[in-house]
Amino acid sequence: MEIIKIHGVMMDNVTMDEALEYVIGRLDRTGTAKIYTPNSEIMMQAQRDPGLKDILNQADLLIADGAGVVLASRILKRPLKEKVSGVDLVKRILENTNKRPASFFIFGARPGVAEKAAENIMSQYPKAEIKGWQHGYFNSDEEDTIINRINESGADILLVGLGAPKQEKWIHRNAHRLNCKVAMGIGGSIDVLAGTAALAPEFMRRAGLEWLFRLVKEPRRLPRMMDLPRFILLSIRRRFRLKKDS
Ligand code: UDP
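Since the model is a prediction, treat every value here as computed from it, not as a measurement.

Basis of the calculations
- Residues numbered from 1 in each chain as written.
- Predicted model: local features only at pLDDT ≥ 70, side-chain atom pairs only at ≥ 80, totals over all residues.
- Heavy atoms only, no water.
- Helix = DSSP H or I, 4+ residues; strand = E, 2+ residues; numbered from the N terminus.
- Rg over C-alpha atoms; globule rule 2.2 N^0.38 Å.
- Contact = heavy atoms within 4.5 Å.
- Areas by Shrake-Rupley, 256 points an atom, 1.4 Å probe, with all protein chains shown as cover.
- 1 Å grid on protein atoms, 1.4 Å probe; cavity = no way out; pocket = protein on both sides within 12 Å on 5 of 7 lines; lining within 4 Å.
- Points joined across faces, edges and corners; volume = space filled by probe spheres on them.
- Nonpolar A, V, L, I, M, F, W, Y, C, P; charged D, E, K, R; others polar.
- Salt bridge = Lys/Arg side-chain N within 4 Å of Asp/Glu carboxyl O.
- Buried < 20%, exposed > 50% of the residue type's maximum accessible area, 1.4 Å probe, protein only.
- Core = buried A, V, L, I, M, F, W, Y, C linked by side-chain atoms within 4.5 Å.
- Axes fitted to C-alpha atoms, helices over the stretch in contact; angles between N-to-C directions.
- Parallel < 35°, antiparallel > 145°, perpendicular 65-115°, else oblique.
- Left-handed = near helix turned anticlockwise from the far one by under 90°.
- Polar contact = N/O pair within 3.5 Å; in protein donor to acceptor, adjacent residues only side chain to side chain.
- Phe/Tyr/Trp six-rings, centres within 6.5 Å; stacked < 30°, edge-to-face > 60°.
- Lys NZ or Arg CZ within 6 Å of the ring centre and 35° of its normal.

Thoughts on the overall build of the protein chain
What the protein chain contains, in helices and strands, is 13 helices and 8 strands. On C-alpha atoms alone, the protein chain measures out to a radius of gyration of 17 Å, which is about the 18 Å that the 2.2 N^0.38 rule sets for 246 residues. The long-range fraction of contacts in the protein chain, counting pairs at least 24 apart against all pairs at least 6 apart in sequence, stands at 75%. With the model as given, the accessible surface of the protein chain reaches about 11,800 Å², and the carbon-plus-sulfur share is 52%.

Observations regarding empty space enclosed by the protein
Under the criterion given, the structure shown has 1 cavity of 30 Å³ or more. The volume enclosed by the largest cavity comes to roughly 40 Å³. Met11, Asp12, Val14, Leu62, Ile63, Ala64, Leu80, Glu82 and Val84 together form the lining of the largest cavity. Of the residues that constitute the lining of the largest cavity, the class distribution is 7 nonpolar, no polar and 2 charged.

Looking at the pattern of salt bridges
Applying the stated criterion across every chain, the model contains 21 salt bridges. A salt bridge links Lys81 to Glu18, with the shortest nitrogen-to-oxygen separation between them at 3.1 Å. With Lys81 in the loop between helix H4 (67–75) and helix H5 (86–96) and Glu18 in helix H1 (residues 16–26), the pair connects residues that are 63 residues apart, well separated along the chain. Looking at Lys81, the relative accessible area reads 45%, which means it is partly exposed. On the basis of relative accessible area, Glu18 is assigned to the partly exposed category, the value being 30%. Each of Glu41, Arg214, Glu218, Arg220 and Arg221 takes part in one network of salt bridges that share partners.

What to know about the nonpolar core
Ile6, Met11, Phe107, Leu158 and Trp170 are the most contacted members of the largest nonpolar core, which totals 39 residues. Membership of the second largest hydrophobic core comes to 37 residues, among which are Val84, Ile93, Leu94 and Ile157.

A word on the packing of H1 against H5
One can describe the packing of H1 onto H5 by two numbers: an axis separation of 10 Å at closest approach and a directional angle of 55°. Relative to H5, H1 is oriented oblique. Of the two possible hands of crossing, H1 and H5 adopt the one that is right-handed. Between H1 and H5, the contacting residues are Met16, Asp17, Ala19, Leu20, Val23 and Ile24 on the first element and Asp88, Leu89, Arg92, Ile93 and Asn96 on the second.

A word on the side chain of Ser153
Relative to the elements of secondary structure, Ser153 occurs in helix H7 (residues 143–153). Under the relative-accessibility criterion, Ser153 is labelled buried at 14%. A polar contact of 3.1 Å, which involves the side chain of Ser153, links it to the backbone nitrogen of Ala155. Filtering out sequence-adjacent residues up to four positions away, Ser153 remains in contact with Phe105 and Lys131.

A word on the environment of Ala118
Inspection of the secondary structure puts Ala118 in helix H6 (residues 113–124). With a relative accessible area of 0%, Ala118 lands in the buried category. Apart from residues lying up to four places away in sequence, Ala118 is in contact with Ile106, Ile130 and Trp133.

Let's talk about helix H2 (residues 40–48)
Counting buried positions along H2 gives 7 out of 9 residues, so the element sits mostly inside the fold. Listed as buried for H2 are Ser40, Glu41, Ile42, Met43, Met44, Gln45 and Ala46. Lining the buried residues of H2 we find strand E1 (3–6), strand E2 (9–12), helix H3 (50–57), H4, helix H12 (222–225) and helix H13 (227–239). N-cap assignment for H2: the residue whose side-chain oxygen lies 3.2 Å from the backbone N of Glu41 is Asn39.

So, the layout of surface pockets
Size it by volume and the second largest pocket reaches roughly 210 Å³. Lining the second largest pocket, in full, are Met16, Ala67, Glu82, Lys83, Asp88, Glu202, Arg205, Arg206, Ala207 and Gly208. Per-element accounting of the lining of the second largest pocket gives the leading share, 3 residues, to helix H10 (residues 202–206). Its residues assigned to classes, the lining of the second largest pocket comprises 3 nonpolar, 1 polar and 6 charged.

With respect to the packing of aromatic side chains
Counted according to the given criterion, the structure contains 2 aromatic pairs. Seen from their ring centres, Phe107 and Trp170 are 4.9 Å apart, and the 70° between their planes marks the pair as edge-to-face. Remark: Trp170 occurs in helix H8 (residues 166–174) and Phe107 occurs in strand E5 (residues 102–108); sequence separation between them is 63 residues. Residue Phe107 is classed as buried on the basis of its relative accessible area of 0%. Each residue in the set Phe107, Phe138 and Trp170 is aromatic and connected to the rest through ring pairs, giving one cluster. Against the face of Phe138 rests Lys166, its NZ or CZ located 5.4 Å from the ring centre. The side chain of Arg239 reaches across the aromatic face of Phe240, ending 5.1 Å from its centre.

In structure tokens:
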């Protein structure tokens, strides 16, 4: 896979089909693949937190969730092929169970939400076996028990929706203790699968305006979302060599 470096973060330049193929390929390999889908906010957080940048760079698959990351890659003249959002990739993996059955453990979101997501998945994707779920509001002393449950479930794919960067840090810290083939950070996708959060309408998603939809739904996100224009501005400055590249 071609790697495209965006502000020091090594993004995999893959299409949605290639990302899906990678995930399916990992089901027959040993070890746990760490998959993250950073958006502009996380890319900007990684500029301020070298530890987070390091975690992202140790992913097995790092894909661009969000039009902002793709736009930055174009500004930097190292264009990524396309946006591969976490929620869309999860849906493609679930659909693909028709051809290649796989099992899942859903980890994250508020109590009751992962369970609802599991119900919806089982009715919509009958070949996707849900081996267990766990909400995302736990104490650190419960972590060992949670990991044991995930491992004992025998699930192939662990979907971790603890919000970013908590989920990336959790996966990075625990991957060596996991038996699943894939551990993927999926942000708020569990809420979407459960039907407790809506995705932006298709025309907004296509226009790269998911951030606007999200902002209207959750105005409290505004301070965090200022990282999007900051990220684009940083890209423009680096493009024109106004700031040292990394
Ligand atoms: N979440 C969680 N545990 C936490 C914090 C968040 O399970 O300690 C869940 C939250 O319920 C939601 C998801 O993480 O389902 C994504 O949260 P948020 O929208 O804040 O994160 P982002 O979209 O920025 O990754």
